[in-house]
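A closer look at the structure
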Amino acid sequence: MLRKLLILTLAMLFAAPSLLADRRKYAWTYQYATIAPEASELELYQTTKLNQTDSWEYRIEVEHGLTRRWDLSIYQIFAQKEGESFKWDAFQVRTRYKLAEPGRFFFDPLVYLEYNRKIDLTRQNKVEAKLILDRDMDRLNVVLVPVYEFFWAPGEPVHEIGFDVGLSYELSYRFSVGVESISRKEFIENAENEQSSYLGPTISLATGSIFYTIGYTWGMTDDSDDARVRFLMGIEL
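Residues numbered from 1 in each chain as written. Predicted model: local features only at pLDDT ≥ 70, side-chain atom pairs only at ≥ 80, totals over all residues. Heavy atoms only, no water.

**What to know about the overall build of the chain**
Stated formally: What counts as a helix is a DSSP run of H or I of at least four residues, what counts as a strand is a run of E of at least two, and both are numbered from the N terminus. Put simply, the radius of gyration uses C-alpha atoms, and a globule should come to 2.2 Å times the residue count raised to 0.38. Partly exposed residues are those whose accessible area sits between 20% and 50% of the maximum for their type, while under 20% is buried and over 50% is exposed, using a 1.4 Å probe and protein chains only. Contacts: residue pairs with any heavy atoms within 4.5 Å of one another. In this description, accessible areas are obtained by the Shrake-Rupley approach with a 1.4 Å probe, and a residue is regarded as covered only by the protein chains that are shown. A residue counts as positive if it is Lys or Arg and as negative if it is Asp or Glu; His and the chain ends are not included. Lys charges are placed at NZ, Arg charges at CZ, Asp charges at CG and Glu charges at CD.
Across its full length, the chain holds one helix and 12 strands. Scanning the chain from its N terminus toward the C terminus, one meets helices and strands in the order α-β-β-β-β-β-β-β-β-β-β-β-β. In terms of overall dimensions, the chain is globule-like: its C-alpha atoms have a radius of gyration of 19 Å, near the 18 Å expected for 237 residues. When burial is assessed residue by residue, the chain has 41% of its 237 residues classed as buried. Across the chain, every contact between residues at least 6 apart in sequence was considered, and the portion connecting residues at least 24 apart equals 50%. Of the roughly 12,900 Å² of accessible surface on the chain, 63% is carried by carbon and sulfur atoms. Averaging the locations of the 27 positively and 35 negatively charged side chains of the chain gives two centres separated by 7 Å.

**Examining the confidence of the model for the chain**
Here is the rule: Per residue, pLDDT captures the predictor's confidence, and it can take any value from 0 to 100.
Per-residue confidence for the chain gives a mean pLDDT of 92, with 91% of residues at or over 70. Below a pLDDT of 50 lies the segment residues 8-19, which in the model reaches 18 contacts outside its immediate sequence neighbourhood of four places, other chains included.

**Observations regarding the packing of aromatic side chains**
Aromatic rings in a pair are described by how distant their centres are and how their planes are angled relative to each other. The line we're drawing: Stacked, edge-to-face and tilted labels apply to pairs of Phe, Tyr and Trp rings (six-membered ring for Trp) whose centres lie within 6.5 Å, assigned for plane angles under 30 degrees, over 60, and everything in between, in that order. When the NZ atom of lysine or the CZ atom of arginine is within 6 Å of a ring's centre and also within 35 degrees of its normal, the charge is said to sit over that ring.
The tally for this structure, following the rule as stated, stands at nine aromatic pairs. Ring geometry for Phe106 and Phe107: centres 5.2 Å apart, planes at 80 degrees, overall edge-to-face. A relative accessible area of 54% places Phe106 in the exposed class. For Phe107, a relative accessible area of 23% corresponds to the partly exposed category. Within the aromatic cluster, the residues linked to one another by ring pairs are Tyr58, Phe78 and Phe86. Directly above the aromatic system of Tyr112 lies the positively charged group of Lys130, at a separation of 4.7 Å from the ring centroid. Taking NZ or CZ as reference, Arg135 lies 3.9 Å from the ring centre of Phe106, over its face.

**Considerations on a nonpolar patch on the surface**
This is how the line gets drawn: Patch building starts from residues that exceed 30% relative accessible area and form no salt bridge, then joins like charges within 9 Å and nonpolar side chains (Val, Leu, Ile, Met, Phe, Trp, Tyr) within 5 Å. By convention in these notes, a salt bridge is any Lys or Arg side-chain nitrogen within 4 Å of a carboxyl oxygen on Asp or Glu.
There is a patch of nonpolar side chains on the surface, built from Leu66, Trp70, Leu72, Ile74, Trp88, Phe91, Val93, Tyr97, Leu99, Ile119 and Leu131 and spanning about 920 Å² of accessible area. Elements with a minimum of two residues in the nonpolar patch: β3 (70-81) and β4 (87-98). Counting residues per element, the nonpolar patch draws most heavily on β4, which supplies four residues. Topologically, Phe91 is positioned in strand β4. Note on Phe91: relative accessible area 32%, which makes it partly exposed.

**Quick word on the layout of surface pockets**
The criterion, for reference: The rule is simple: put a 1 Å grid over the protein atoms alone, call a set of points where a 1.4 Å probe fits but cannot get out a cavity, call an open set with protein on both sides within 12 Å along at least five of seven lines a pocket, and count a residue as lining if it has an atom within 4 Å of a point. Grid points are joined across faces, edges and corners, and a volume is the space filled by probe spheres set on the points. Residue polarity is assigned by list, with Asp, Glu, Lys and Arg as charged and Ala, Val, Leu, Ile, Met, Phe, Trp, Tyr, Cys and Pro as nonpolar; anything else, Gly included, falls into the polar class.
There is about 1,500 Å³ of room inside the largest pocket. Taken together, 49 residues line the largest pocket, and the ones lying closest to its centre are Lys49, Glu57, Arg59, Lys126 and Arg228. Here the lining of the largest pocket is built from residues that sort into 12 nonpolar, 13 polar and 24 charged.

**So, the sheet that holds strand β9 (residues 175-188)**
Rules: Strands are labelled as partners when DSSP assigns at least two bridges between them. Here, axes are lines fitted to C-alpha atoms. For helices the fit covers the stretch in contact, and angles between N-to-C directions go from 0 to 180 degrees.
Spatially, 12 strands are ordered β1-β2-β3-β4-β5-β6-β7-β8-β9-β10-β11-β12 in a closed barrel, and the strand pairing comes out antiparallel. Taking each pair of neighbouring strands and ignoring which way they run, the sheet shows an average axis angle of 20 degrees. Pairing between strand β5 (residues 108-118) and strand β6 (residues 125-137): nine bridges, direction antiparallel. Counterpart to Tyr115 in the pairing with β6 is Val127.

**Let's talk about unusual backbone geometry**
Here the amide bond leading from Ala153 into Pro154 is cis, since omega sits at 0 degrees, within 30 degrees of zero. Within the fold, Pro154 resides in the loop between β7 (140-152) and β8 (158-170). Of note, Ala153 is situated in the loop between β7 and β8.

Below is the structure:
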């Protein structure tokens, strides 16, 4: 019985490709992908930040394809710190647009724009822009993502720049392993700048109309969390 179960599991992992349009091979790093026109997907995130006092963030995202190149997402974000109550933390709107057809350039380019508003109105608004540069070389994937974030109102404006890198290898159409690097540097007028960097492995599994991705990163600077863990699940609607 155990042997049959093992054979069935391996057959699911190495069989036909998944039909998911927005299969995520990385837990933090975005790729060159949008949802197909009129299609929708539900994505559930759980992120744990490990420190002397741990904290958790939960995201519920619904994304919808507008055209072959363009999609839109709405998030509801919840958070909890160790010893504190669970709360509704923010809402977020995100859009992605493919700048060219795949294969036209050495890297496939995509623009990502995001607006985040905290429920606590004493906390700042945030906009984020990313240029996603993605390349597939047979089963190997490389993605480079320069990032810019701007926080404003209330308080002094804050600028943040970053760079994300993902490298993954597809063992089968359904199973991939990889590594991610995430870095951010914050610029605040008349204040000390902070820099955080993370590095760690990612595993992604797709089966039918569902994918699962989990990533673990270690903090690499004094301003980083000790570690971060993210679990992500996507479900076609």
